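Overview (structure and organization)
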Amino acid sequence: ASMSVNETTALTEVPVVPLTAVTRSKSDPNAYAVLVVEDGGGKTIARMRNVTLGESYGNSVAVKSGVKPGETVITTGVTQVAEGEEIRVMHE
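Predicted, not measured: the structure shown is a model, and the values here were computed from it. (Residues numbered from 1 in each chain as written. Predicted model: local features only at pLDDT ≥ 70, side-chain atom pairs only at ≥ 80, totals over all residues. Heavy atoms only, no water.)

This paragraph deals with the overall build of the protein. Secondary structure assignment for the protein yields zero helices and six strands. Along its sequence from the N terminus, the protein presents helices and strands in the succession β-β-β-β-β-β. In the protein, the share of contacts with a sequence separation of at least 24, taken over all contacts with a separation of at least 6, comes to 45%. In the structure as shown, the protein presents an accessible area of about 6,200 Å², 47% of it carried by carbon and sulfur atoms. (Helix = DSSP H or I, 4+ residues; strand = E, 2+ residues; numbered from the N terminus. Contact = heavy atoms within 4.5 Å. Areas by Shrake-Rupley, 256 points an atom, 1.4 Å probe, with all protein chains shown as cover.)

Turning our eyes to something else, we now look at the nonpolar core. It is characteristic of soluble globular proteins that their nonpolar side chains tend to be buried jointly. Core analysis: the biggest nonpolar cluster contains ten residues, these being Val17, Ala21, Val22, Val34, Val36, Val51, Val61, Val63, Val67 and Val73. Those elements that provide at least two residues to this core are strand S4 (32-40) and strand S6 (60-65). The residues touching Val36, leaving out its near neighbours within four places in the chain, are Ile45, Ala46, Arg47, Arg49, Val67, Glu71, Thr72 and Val73. One finds Leu35, Ala46, Val78 and Ile87 within the second-largest nonpolar core, a separate group that totals seven residues. (Core = buried A, V, L, I, M, F, W, Y, C linked by side-chain atoms within 4.5 Å. Buried < 20%, exposed > 50% of the residue type's maximum accessible area, 1.4 Å probe, protein only.)

Okay, the pairing of strand S5 (residues 43-57) next. Here nine bridges tie S4 to S5, and the two strands are oriented antiparallel to one another. Following the sheet pairing, Val34 is matched in S5 by Arg49. Between S4 and S5, which pair antiparallel and follow one another directly, the connecting turn spans two residues, one of which, Gly41, has a positive phi of 60°. Linking S5 to S6, which pair antiparallel, is a turn of two residues; within it Gly58 sits at a positive phi near 65°. (Pairing = 2+ DSSP bridges.)

Next up on the list: the layout of surface pockets. Considered as a void within the structure, the largest pocket measures approximately 480 Å³ in volume. Lining the largest pocket are 17 residues, with Ile74, Thr75, Thr76, Val89 and Met90 positioned closest to its centre. In terms of residue class, the lining of the largest pocket is made up of seven nonpolar, six polar and four charged. (1 Å grid on protein atoms, 1.4 Å probe; cavity = no way out; pocket = protein on both sides within 12 Å on 5 of 7 lines; lining within 4 Å. Points joined across faces, edges and corners; volume = space filled by probe spheres on them. Nonpolar A, V, L, I, M, F, W, Y, C, P; charged D, E, K, R; others polar.)

Shown next, in the form of structure tokens:
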């Protein structure tokens, strides 16, 4: 999902993810991260990506940097998936 944010009269589209998708960064305990789904050599791989979070809206939060609109983010079972692990995407 994404939403439009009005910053200094410029309309910017930013990705929005469920709070369940956000975890602590492995490289920086003071930062946050999400697991992004990537294709790698015919396999579907989970990649940890540090993100900068924006405002929260109910059970979702805006991602100011680290994820682009349209990218697939793991939203369920984040703590059970490791960086670089092969995964199978199950759409809800």
